[in-house]
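As a plain string of letters, each chain reads:
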Amino acid sequence: MKIELHLHTNRYSGCAKNSPEEMLDRLVELHYQAVFLTEHDAVWPGDELENLQRHWPQLRIFPGLELTLHNFRGFGHLLILGATEPEFLDIVDPGEALARARQKDYPTILAHPYRWEGAADMLEKGYYPDAIECSTPNVFPEQAILAQVKAGEFRMPVVNSGDAHGVDFLGRYWIETAESIESPAQMRQILLEGSYDNCSAE
Ligand SMILES: [Zn+2]
Ligand SMILES: [Zn+2]
């Protein structure tokens with residue numbers, strides 16, 4: 001299954017260029033089979049998600065969010081895949097975010113840890129998400145290498161993603177699984193087992 005783990009739309013992320021419709025059409029064109037919608041500090045309402053799923057039956061559409069966390073030296077971004085609960089939006093503490101996500105078996109991924117100073121601070125404080133984001137169109141190769149080194153140090157899986165803020169971010173970095181993903185909990189299991197491939201067109 002070709003999967004996008006990190007995607008924004010202009011419906012709920014002010015910095016995204018394209019609409020949900022444009023993003024989902026492009027994912028289908030590029031033969032993705034599943035996507036997690038991870039807007040900045042926003043969750044998709046259930047009825048809107050159901051509506052999207054009805055119109056794009058070729059894609060498995062999962063919810064999620066990209067949560068802004070307060071760190072030592074600034075802030076970091078944590079992907080919480082599967083989350084629909086608005087309560088997540090009130091969390092700013094990394095430990096609390098991980099604990100709440102794990103209660104629900106939602107996968108957690110530290111987004112672009114070396115894109116800015118302090119973005120990886122949760123690791124230094126001893127808070128380890130399920131995986132670390134590695135290559136995306138938004139990070140320099142040196143930053144992806146740093147993420148890989150850090151993941152090796154902590155024995156954590158790394159994932160490629162589109163961190164897609166527009167249709168031109170798609171089809172560049174993604175993951176593939178042999179299994180068909182039916183739930184966020186199953187996605188979490190597969191990430192923790194490492195039974196997926198990081199893929200890139202570049
Ligand atoms: Zn981010
Ligand atoms: Zn993002």
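What comes next concerns the included structure. Residue indices follow the written sequence of each chain, beginning from 1 at its first position. For this description, chains carry letters from A and ligands carry numbers from 1, given in the order in which they are written. Totals for whole chains, interfaces and linings use every residue, but because this is a predicted model, local features are given only for residues with pLDDT of at least 70 and side-chain atom pairs only at 80 or more, for both listing and counting. Derived side-chain values reflect all non-hydrogen atoms in the structure, with water molecules and hydrogen atoms excluded from consideration.

### Some words on the overall build of the protein
Part 1 of the argument: The helix count covers DSSP runs of H or I at least four residues long, the strand count covers runs of E at least two residues long, and both are numbered beginning at the N terminus. A count of helical and extended segments in the protein gives six helices and eleven strands.
Part 2 of the argument: Radius of gyration here uses only the C-alpha atoms, and the compact-globule reference equals 2.2 Å multiplied by the residue count raised to the power 0.38. The C-alpha atoms of the protein give a radius of gyration of 15 Å, which matches the 17 Å a tight globule of 202 residues would have.
Part 3 of the argument: Each of the three principal axes of the protein carries a C-alpha extent, and together these read 45 × 35 × 30 Å.
Part 4 of the argument: Between buried and exposed lies partly exposed: a residue is buried under 20% and exposed over 50% of the maximum accessible area for its type, with that area taken using a 1.4 Å probe on protein chains only. Evaluated residue by residue, the protein yields a buried proportion of 56% over its 202 residues.
Part 5 of the argument: We call two residues in contact when some of their heavy atoms are within 4.5 Å. Of the contacts made within the protein by residues no fewer than 6 positions apart, 68% connect residues no fewer than 24 positions apart.
Part 6 of the argument: Throughout, the Shrake-Rupley method with a 1.4 Å probe supplies accessible areas, and for residues the shown protein chains are the sole cover considered. Of the roughly 8700 Å² of accessible surface on the protein, a fraction of 50% belongs to carbon and sulfur atoms.
Part 7 of the argument: One finds the centroid of the 16 positive side-chain charges in the protein at a distance of 2 Å from the centroid of its 32 negative side-chain charges. Neither His nor the chain ends contribute to the count of charged residues, in which Lys and Arg are positive and Asp and Glu negative. A charged residue contributes its charge at one atom only: NZ of Lys, CZ of Arg, CG of Asp or CD of Glu.

### Comments concerning the coordination of the zinc ion (ligand 2)
Part 1 of the argument: Taken together, the protein ligands of the zinc ion (ligand 2) are H6 (NE2), H8 (NE2), E66 (OE) and D163 (OD), with distances of 2.1 to 2.4 Å.
Part 2 of the argument: Classification of the site at the zinc ion (ligand 2) as irregular follows from its four donor atoms and the range of 77 to 167 degrees in their angles at the metal.
Part 3 of the argument: Keep in mind that water is not among the atoms, so a site may look incomplete; donors are the N, O and S atoms within 2.8 Å of the metal, or 3.2 Å for Na, K and Ca. Spacing between the donor residues of the zinc ion (ligand 2) along their common chain follows H-x1-H-x57-E-x96-D.
Part 4 of the argument: A distance of 3.6 Å spans the gap from the zinc ion (ligand 2) to the zinc ion (ligand 1), which E66 bridges by coordinating each metal. Here E66 is found in strand β5 (residues 64-71), whereas its partner D163 is found in the loop between β9 (158-159) and β10 (173-176), with 97 residues between them in sequence.
Part 5 of the argument: On the accessibility criterion, D163 (0% relative accessible area) is buried. Donor angles set the geometry label: tetrahedral for four donors if every angle is between 85 and 135 degrees, square planar for four and octahedral for six if opposite donors exceed 155 degrees and the others are between 65 and 115, irregular for anything else.

### Considering the coordination of the zinc ion (ligand 1)
Part 1 of the argument: At the metal site, the zinc ion (ligand 1) is ligated by E66 (OE), H77 (ND1) and H112 (NE2), and these contacts range over 2.0 to 2.2 Å.
Part 2 of the argument: Site description for the zinc ion (ligand 1): donor spacing in sequence, E-x10-H-x34-H.

### Considering the sheet that holds strand β4 (residues 60-62)
Part 1 of the argument: We treat two strands as partners when DSSP finds at least two bridges between them. Strand order across the open sheet formed by five strands is β4-β2-β1-β10-β11, with mixed pairing between neighbours. Looking at the sheet topology across the chains shown, the edges are occupied by β4 and β11 (197-200). Pairs of neighbouring strands in the sheet enclose a mean axial angle of 30 degrees, with direction left out of account.
Part 2 of the argument: Note: strand β2 (residues 34-37) against β4, three bridges, orientation parallel. Note on β4: the bridge partner recorded for V35 is I61.
Part 3 of the argument: Working convention: axes come from line fits to C-alpha atoms, limited for helices to the stretch in contact. Angles between N-to-C directions cover 0 to 180 degrees. In the packing of helix α1 (residues 20-29) onto the sheet, the strands contacted are β1 (2-7), β2 and β4, and the crossing angle to β1 comes to about 155 degrees.

### Overview of the nonpolar core
Part 1 of the argument: L65, L67, L78, I80, F88 and I132 are the most contacted members of the largest nonpolar core, which totals 25 residues.
Part 2 of the argument: Where this core is concerned, the elements lending two or more residues are β5, β6 (74-81), α3 (94-103), α4 (121-124) and α5 (141-153).
Part 3 of the argument: Among residues more than four places away in sequence, those in contact with I80 are G64, L65, L67, F88, A101, Y106, P107 and T108. Each nonpolar core is a collection of buried residues, namely Ala, Val, Leu, Ile, Met, Phe, Trp, Tyr and Cys, held together in the definition by side-chain atoms within 4.5 Å.

### Observations concerning α1
Part 1 of the argument: Listed as buried for α1 are P20, M23, L24 and L27. Down the axis of α1, the buried side of the element spans an arc of 95 degrees, and every buried residue falls inside it.
Part 2 of the argument: Considering only its buried residues, α1 is in contact with β1, β2, α2 (46-55) and β4.
Part 3 of the argument: Backbone geometry just downstream of α1 places H31 in the positive-phi region, at approximately 65 degrees. Taken from the helix axis, the directions to the C-beta atoms give the arc we talk about.

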